[in-house]
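Listed below are the residues making up each chain.
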Amino acid sequence: MHISEGVLSVPVLTIGWVAAAGGVAWGLRKLSPEKIPHVALIAAVLFLAALVRFPIGPASIHLTLLGLAGVLLGWPAVPALFIALMLQAVLFQFGGLVSLGANTTIMGAAALSGGLAFRLFGTRLSIMLRAFAAGFAAVVVGTILLCAALWFSSADFRGALPLIVATQLPLALIEGVLTTLIVGFVVRSMPRLLAS
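One structure accompanies this document, and this report is about it. (Residues numbered from 1 in each chain as written. Predicted model: local features only at pLDDT ≥ 70, side-chain atom pairs only at ≥ 80, totals over all residues. Heavy atoms only, no water.)

All right, on to the overall build of the protein chain then. A tally of regular secondary structure across the protein chain gives seven helices and two strands. Taking 2.2 N^0.38 as the reference for a compact globule, 196 residues should give roughly 16 Å; the C-alpha atoms of the protein chain span a radius of gyration of 16 Å, in line with that estimate. Over its C-alpha atoms, taken along the principal directions, the protein chain stretches across nearly 45 × 35 × 30 Å. Within the protein chain, buried positions represent 49% of all 196 residues. Looking at the protein chain alone, contacts between residues at least 24 apart form 76% of all its contacts between residues at least 6 apart. Carbon and sulfur atoms provide 76% of the accessible area of the protein chain, an area that totals close to 9,400 Å². Considering the protein chain, the positive charge centre built from 10 side chains and the negative charge centre built from 4 side chains are found 16 Å apart. (Helix = DSSP H or I, 4+ residues; strand = E, 2+ residues; numbered from the N terminus. Rg over C-alpha atoms; globule rule 2.2 N^0.38 Å. Buried < 20%, exposed > 50% of the residue type's maximum accessible area, 1.4 Å probe, protein only. Contact = heavy atoms within 4.5 Å. Areas by Shrake-Rupley, 256 points an atom, 1.4 Å probe, with all protein chains shown as cover. Lys, Arg positive; Asp, Glu negative; His and termini not counted. Charge placed at Lys NZ, Arg CZ, Asp CG, Glu CD.)

Shown next as structure tokens:
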């Protein structure tokens, strides 16, 4: 879901930076000092997840674990993503520093939607179904926002949007399963992490 430099229009980049600044500020406001190590650990996991790539036809997809970040962190997931994305841009040229605001906004909103999907169903669904919904919803929302950013940046990208959606659907299923497995482990070993 990383958008490279030179792809997005100036208005989309501006909106991305404004939204990212607000999200990072609110996430830092919601971050208690005792949770900083927890957030740092999730930021490291998010950084590493993007290195796991799967080829699909002429494209490839990579893990995001955005739903998991939303479930475990809530709003502090946004500053964690900002740091992870900035390091990926600097060290591996994934995305870029100019598009960092848009990438943070897209992935931050995706993480928050995953956390919302997890909490929305409350006790009506098992925790495992809620975890799957979180992982799946995060990828779906991220894909919608990615497509919107490309749509509003240039008509040249509109033909590629169906391919983007087609490659992200398998990722949504993979992320749903991974989020379910990891949340299952957290429930068994560290259930207090879900109480945030």
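The next thing to look at is the side chain of T180. Mapped onto the elements, T180 comes out in helix α7 (residues 161-189). Within the structure, the side chain of T180 is placed 2.7 Å from the backbone oxygen of G176, a separation counted as a polar contact. When sequence neighbours within four positions are dropped, the list of residues in contact with T180 reads M128, A131 and F132. (Polar contact = N/O pair within 3.5 Å; in protein donor to acceptor, adjacent residues only side chain to side chain.)

The subject of this paragraph is the nonpolar core. Inside soluble globular proteins, nonpolar side chains tend to come together where they are buried. Within the largest apolar cluster, 39 residues are counted, with the highest numbers of intra-cluster contacts made by L46, L66, V71, L72 and V183. In terms of residues, this core owes the most to one element, helix α4 (residues 77-92), which gives seven residues. One finds I3, V12, I106 and L150 within the second-largest nonpolar core, a separate group that totals twelve residues. (Core = buried A, V, L, I, M, F, W, Y, C linked by side-chain atoms within 4.5 Å.)

Before going further, it helps to spend a moment on the side chain of T104. Mapped onto the secondary structure, T104 falls in helix α5 (residues 100-120). You can call T104 buried: its relative accessible area is 1%. If we skip the residues at most four places from it in the chain, T104 touches A20, V24, V78, F82, L85 and A109.

Relative orientation of the contacting elements helix α3 (residues 66-73) and α7 amounts to 35 degrees, with a least axis distance of 9 Å. For the pair α3 and α7, contact is made by L66, G67, L68, V71 and L72 and by E175, T179, I182, V183 and V186, respectively. (Axes fitted to C-alpha atoms, helices over the stretch in contact; angles between N-to-C directions.)

Let's shift gears to unusual backbone geometry. Glycine aside, residues mostly have negative phi, and peptide bonds are mostly found in the trans state. You will see that L65, though not glycine, has its phi angle at about 55 degrees, which is positive. Within the secondary structure, L65 is located in the loop between β2 (59-62) and α3. Relative accessible area serves as the criterion here: at 7%, L65 is assigned to the buried category.

Moving on: helix α1 (residues 10-29). Compared with the 28 Å implied by 1.5 Å per residue over 20 residues, the 28 Å span of α1 between its first and last C-alpha is a close match. Here α1 has its buried residues at V12, L13, G16, A20, G23, V24 and G27. Here the buried residues of α1 occupy an arc of 100 degrees about the axis, which is enough to place them on one side. Of the exposed residues in α1, those oriented more than 90 degrees away from the buried face are V10, P11, I15, V18 and R29. (Expected span 1.5 Å × (residues − 1). Arc of directions from axis to C-beta.)

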